[in-house]
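Observations on the model geometry
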Amino acid sequence: MQTRKLGSQGLEVSALGLGCMGMSEFYSGRDEAEAVATIHRALDLGVTFLDTADMYGPFTNEVLIGKAIADRRDKVVLATKFGNVRGKNGEFLGIRGDAEYVRQACDASLKRLGVDHIDLYYQHRVDPNTPIEETVGAMAELVKAGKVRYLGLSEAAPETIRRAHAVHPITALQTEYSLWSREPENEILPTVRELGIGYVPYSPLGRGFLTGQIRRIEDLAEDDYRRSSPRFQGENFQKNLDLVQEIETMAQEKGCRPSQLALAWLLAQGEDIVPIPGTKKRSRLEENVGALDVRITAEDLARIDSILPSGAAAGTRYAAPQMQALNR
């Protein structure tokens with residue numbers, strides 16, 4: 001397995017990570033036994049960078065990860081997140097980044113995961129009511145206490161990133177980035193590169209759309225949250241499908257899957273980029289790992305740019321309430 005460095009503080013991870021959210025929530029067809037088998041297969045393949053969050057489940061995804069890695073903790077670079085507050089029944093209760101909550105959230109995650117430290121601890125969403133200096137100051141205390149090794153932010157704006165990094169070195173920034181979400185190229189990527197911060201794209205396969213497996217909205221189960229996503233609705237669905245079909249044609253010519261081409265494109269954007277495609281199945285995991293063998297030429301990059309330039313995808317990446325929760 002190829003490895004890449006995240007940030008300037010010494011964290012090294014597998015070149016591809018594994019997003020574990022869908023194993024517990026938001027997508028249909030969940031199977032805990034297959035999820036654990038997928039995590040074990042990932043580790044066997046050298047995919048050691050696992051991504052979760054306290055809110056996934058809610059709370060159950062961390063328990064699942066903890067169970068899966070209990071006898072192989074030393075093989076894992078474990079990332080989790082705090083900040084999206086949820087109740088026991090799954091209700092969303094807002095965003096918190098105050099120092100007291102940071103400490104509470106970390107202790108709760110450590111307990112659910114069954115570990116004595118978290119390798120990379122992210123603020124999942126920026127709290128508009130708490131100065132980022134307070135949040136990162138509390139996170140830095142967790143590093144001093146040995147509970148956390150490295151700090152990260154998710155969906156933070158450039159100015160927020162700069163202010164946070166001035167309090168304690170930020171190792172990684174996580175935001176959505178893929179062939180149909182290229183907005184980070186404008187300001188986010190230049191900012192993190194200037195500061196020596198690694199970059200972790202989530203939803204690198206466009207929530208599955210870029211795999212070519214979704215042809216109709218009916219392909220998604222009734223309880224699949226993507227049915228409420230603007231890019232999967234109405235005219236947007238067909239417009240985006242037309243773009244994906246062009247990527248499919250290119251993938252066929254290169255002898256790979258559309259998902260592998262999409263991931264290979266991301267990997268080609270820089271050695272500081274570590275995508276975390278999510279999956280619940282071993283077969284999809286193995287397909288994603290195959291992206292590491294796909295070679296992207298300058299001509300390929302130019303062709304992809306012509307098919308899916310920044311802003312080409314139809315619809316916003318979240319519904320309006322979720323878009324408002326982003327620090328932009």
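Residues numbered from 1 in each chain as written. Predicted model: local features only at pLDDT ≥ 70, side-chain atom pairs only at ≥ 80, totals over all residues. Heavy atoms only, no water.

For the protein chain, an unreviewed UniProt entry supplies the name Aldo/keto reductase and the organism Marinobacter azerbaijanicus.

Quick notes on the pattern of salt bridges
One pass over the full model with this rule turns up 29 salt bridges. The partner of Glu34 in a salt bridge is Arg282, and the shortest N-O contact between them spans 2.6 Å. Here Arg282 lies in helix H9 (residues 282-289) and Glu34 lies in helix H1 (residues 32-45), a separation of 248 residues in the sequence. Classification of Arg282 by relative accessible area gives partly exposed; the value is 37%. (Salt bridge = Lys/Arg side-chain N within 4 Å of Asp/Glu carboxyl O. Helix = DSSP H or I, 4+ residues; strand = E, 2+ residues; numbered from the N terminus. Buried < 20%, exposed > 50% of the residue type's maximum accessible area, 1.4 Å probe, protein only.)

Regarding the sheet that holds strand E9 (residues 148-154)
On the basis of which strands lie adjacent, the open sheet formed by seven strands has the order E3-E4-E5-E8-E9-E10-E11 and parallel pairing. The outermost strands of the open sheet, each flanked by one partner alone, are strand E3 (18-19) and strand E11 (198-202). Bridge analysis of strand E5 (residues 77-82) against strand E8 (residues 118-123) gives four bridges, and the strand direction is parallel. Counterpart to Lys81 in the pairing with E8 is Tyr122. (Pairing = 2+ DSSP bridges.)

Focus on the side chain of Ser203
Within the element layout of this structure, Ser203 appears in the loop between E11 and helix H7 (234-254). Residue classification places Ser203 among the buried residues on the basis of a relative accessible area of 16%. Once residues within four sequence positions are removed from consideration, Ser203 is found in contact with Glu176, Tyr177 and Ser178. (Contact = heavy atoms within 4.5 Å.)

Observations concerning the packing of aromatic side chains
Per the counting criterion, the structure on display carries seven aromatic pairs. Consider the rings of Tyr177 and Tyr199, whose centres lie 5.7 Å apart with planes at 70°: the pair is edge-to-face. Taken together, the residues span a long stretch of sequence, with Tyr177 in the loop between strand E10 (172-176) and helix H6 (188-195) and Tyr199 in strand E11 at a distance of 22 residues. For Tyr177, a relative accessible area of 1% gives the class buried. For Tyr199, a relative accessible area of 0% gives the class buried. Ring geometry for Phe209 versus Phe232: centroids 5.2 Å apart, planes at 65°, classification edge-to-face. With Phe209 in the loop between E11 and H7 and Phe232 in the loop between E11 and H7, the pair connects residues that are 23 residues apart, well separated along the chain. (Phe/Tyr/Trp six-rings, centres within 6.5 Å; stacked < 30°, edge-to-face > 60°.)

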